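# Descriptive structure summary
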Amino acid sequence: MSGTDSSLPADSQLPLTSPRTPRQLSFPFLREGSRVWERERKPPQPGELPSPLPTKRTRTYSATVRARSGPVFKGVCKNFSRSQGHGFIHPTRGGEDIFVHISDIEGEYVPMEGDEVTYKVCPIPPKNQKVQAVEVVITHLKPGTKHETWS
């Protein structure tokens, strides 16, 4: 007989690996339209939209709880597109404009440029480097502009 035991299955002769050894997953394609799977990461540009868009519906419970318990900030609506479903708020304390999604706006009016708002912030995954506005409430409508309602 040869040096191998024929009573053992063939796969038992493979080298043993630790169950804690990380396994690498490889996907045959990149997910279309998402910057999450891009191979070359470039730094986010000001005013660039996050991808995939974080919404109230896709936010984790823990992130929602943290946002609700956070401080309230004031700002002015820089722009908002109802058809695209998002816009940006310019904070009164200064700094970079903050992304706001249509699902995070409270109240009956669609925000327009120049409206004063209050909001809380929530980090945008996956790296939590930027924040988005949540629980956005229009406090003062810009005078002289016609505001649309959601319905």
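We now turn to the structure provided with this report.

Analysis parameters
Residues numbered from 1 in each chain as written. Predicted model: local features only at pLDDT ≥ 70, side-chain atom pairs only at ≥ 80, totals over all residues. Heavy atoms only, no water. Helix = DSSP H or I, 4+ residues; strand = E, 2+ residues; numbered from the N terminus. Buried < 20%, exposed > 50% of the residue type's maximum accessible area, 1.4 Å probe, protein only. Polar contact = N/O pair within 3.5 Å; in protein donor to acceptor, adjacent residues only side chain to side chain. Phe/Tyr/Trp six-rings, centres within 6.5 Å; stacked < 30°, edge-to-face > 60°. Lys NZ or Arg CZ within 6 Å of the ring centre and 35° of its normal. Salt bridge = Lys/Arg side-chain N within 4 Å of Asp/Glu carboxyl O. Pairing = 2+ DSSP bridges.

## So, the side chain of Gln-132
Residue placement: Gln-132 occurs in strand β6 (residues 131-140). Its relative accessible area of 0% is what places Gln-132 among the buried residues. For Gln-132, the side chain forms a polar contact with the side chain of Asp-104, separated by 3.0 Å.

## Overview of the packing of aromatic side chains
Under the definition given, this model contains two aromatic pairs. Their ring planes at 70° and their centres at 6.0 Å tell us that Phe-88 and Phe-99 sit as a pair that is edge-to-face. Within this pair, whereas Phe-88 is found in strand β2 (residues 86-91), its partner Phe-99 is found in strand β3 (residues 98-101), the two being separated by 11 residues in sequence. Sitting over the ring of Phe-73, Arg-93 keeps its end group 4.7 Å from the ring centre.

## Re the pattern of salt bridges
Side-chain pairs of opposite charge can arise whenever the charged atoms involved come near each other. Counted under the stated rule, the structure contains five salt bridges. The shortest N-O distance in the salt bridge between Glu-148 and Arg-82 comes to 3.0 Å. On the criterion of sequence distance, the pair formed by Glu-148 in the segment after β6 and Arg-82 in the loop between β1 (73-81) and β2 is long-range, its members being 66 residues apart. One salt bridge connects Glu-96 with Lys-130, and the closest N-O pair in it is separated by 3.1 Å.

## Section: the pairing of β2
Among the six residues that make up β2, five are buried, leaving the element largely enclosed by the rest of the structure. As paired elements, β1 and β2 share six bridges and run antiparallel to each other. Bridging across to β2, Phe-80 finds its partner in Gly-87. The hairpin formed by β1 and β2 contains four residues between the paired strands, and Gly-85 there has a positive phi angle of roughly 85°. The sheet contact formed by β2 and β3 spans four bridges and is antiparallel. Following the sheet pairing, Phe-88 is matched in β3 by Phe-99. Linking β2 to β3, which pair antiparallel, is a turn of six residues; within it Gly-94 sits at a positive phi near 90°.

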